[in-house]
Amino acid sequence: MSAGQAVALGIALVVVLSSAAIFTLAYRRESESRAVGTLDKEARRRTRLRKPVEVSAASDPGVDDEDSEAEPAPEPPTPIREVIELSPAEFGETRRQFLNRATGVSFGAFLAFFGITSLAFLWPKLQGGFGGKIDAGDVTEIKAAIFQPDGSIEPFYVAQAKTYVVPFDEDAISETDFGGIGVVAEGLSGLFQKCVHLGCRVPWCSSSQGFECPCHGSKYNAAGEYEAGPAPRNLDRFAIEVIDGRLIINTGVVRDTPRAKVKTVQYPQGVNCL
Ligand code: FES
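Counting restarts for each chain, with residues numbered from 1 along the sequence as it is written. Totals for whole chains, interfaces and linings use all residues, but because this is a predicted model, local features are given only for residues with pLDDT of at least 70 and pairs of side-chain atoms are given and counted only at 80 or more. Side-chain numbers come from the whole structure's heavy atoms, not from hydrogens or water.

K.L.:
Would you explain the packing of aromatic side chains in this entry?
P.N.:
The description of two aromatic rings rests on the distance between their centres and on the angle between their planes. The aromatic pairing rule takes the rings of Phe, Tyr and Trp, using the six-membered ring of Trp, and pairs them if the centres are within 6.5 Å, calling planes under 30 degrees apart stacked, those over 60 edge-to-face and the rest tilted. Evaluated as defined, the whole model comprises seven aromatic pairs. With centroids separated by 5.9 Å and ring planes inclined at 35°, the aromatic side chains of F130 and F192 adopt a geometry described as tilted. Placement of the pair is F130 in the loop between α3 (88–126) and β1 (133–138) and F192 in strand β5 (residues 188–192), with a sequence separation of 62 residues. Note on F130: relative accessible area 26%, which makes it partly exposed. The buried category is assigned to F192, whose relative accessible area is 11%. With centroids separated by 5.0 Å and ring planes inclined at 45°, the aromatic side chains of F192 and F238 adopt a geometry described as tilted. Note that F192 is positioned in strand β5 and F238 in strand β10 (residues 237–243), a separation of 46 residues in sequence. The residues F192 and F238 share a single accessibility class, namely buried. Aromatic ring contacts, followed pair by pair, group Y157, Y164, W204 and F211 into a single cluster. Each helix corresponds to a stretch of at least 4 residues labelled H or I by DSSP, and each strand to a stretch of at least 2 residues labelled E; elements are numbered beginning at the N terminus. Relative accessibility under 20% of the residue-type maximum defines a buried residue, over 50% an exposed one, and the middle range a partly exposed one, all with a 1.4 Å probe and only protein chains included.

So this is what it looks like as structure tokens:
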């Protein structure tokens, strides 16, 4: 995983954790305010229910203890259901709490969505998809697929890596800008399929033995070196290595090089496609 991906992943994790914290805070505040409101209403209800009982006992002073023994006990007072009206101040406080809560929850939901989307975007890269290291296959088999019986070549295309694997003469590397940047291994190099002009996918032309972009006509030889057109540099290439006989393409590390002054292969070797 590259440094950029690590930073992006860290930001995504922070966003998700922040969202969880905001949700937790909003829920706790809601619970606390609900608990306080319940106590207040309950206390007020008890106070109001107690008053009629006191008044009824005080308003009948002529009744003594003997009469109360002779007559059946009076019916307990029917509880009075009261509607508690909120004052304008209380109403304003409730509405403000609701708005604060709604804002917090909405913001938290947005952050959670953003964080989860970012994680989903990065997840394939962590599992070896484009943006990470990709096993292109056995080096011997790749070379067998590249070199044709008539002496021509056909790049070995790795769709998952969006890469053309092409041969590269390592004896000539000292004359180029490709030395020391980890883009050549066991006579192979991995070219990014994207044109460095405006990003079209560059197809291979078998007759000319080069890459020719259909969008604006840029041309590159079989080693991905600039030959013609508006492209500002050679085709970009990925860092590669061979591990246990298998070619590993690191699509998280892209190397760009200026237009080649010294060409390592001849171009064109036949009729152009464009
Ligand atoms: S995008 Fe390839 S030449 Fe313009």
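K.L.:
Would you mind showing me how to read the pattern of salt bridges here?
P.N.:
Opposite charge on two side chains allows them to pair when their charged atoms are near. Within this document, salt bridges are pairs made up of a side-chain nitrogen of Lys or Arg and a carboxyl oxygen of Asp or Glu, the two lying within 4 Å of each other. Using the criterion set out here, one finds four salt bridges in the structure. Its salt-bridge partner being E241, residue K133 comes within 3.3 Å of it at the nearest N-O pair. On the criterion of sequence distance, the pair formed by K133 in strand β1 and E241 in strand β10 is long-range, its members being 108 residues apart. Judged by relative accessible area, K133 falls into the partly exposed class, the value being 48%. Residue class for E241 comes out partly exposed when judged on its relative accessible area of 32%. Between E227 and K263 there is a salt bridge; the shortest N-O distance is 3.4 Å. A residue pair is termed long-range when its members are at least 10 positions apart, and E227 in strand β9 (residues 226–228) and K263 in the segment after β11 (246–255) qualify at 36 residues. Overall, E227 belongs to the partly exposed group, its relative accessible area being 21%.

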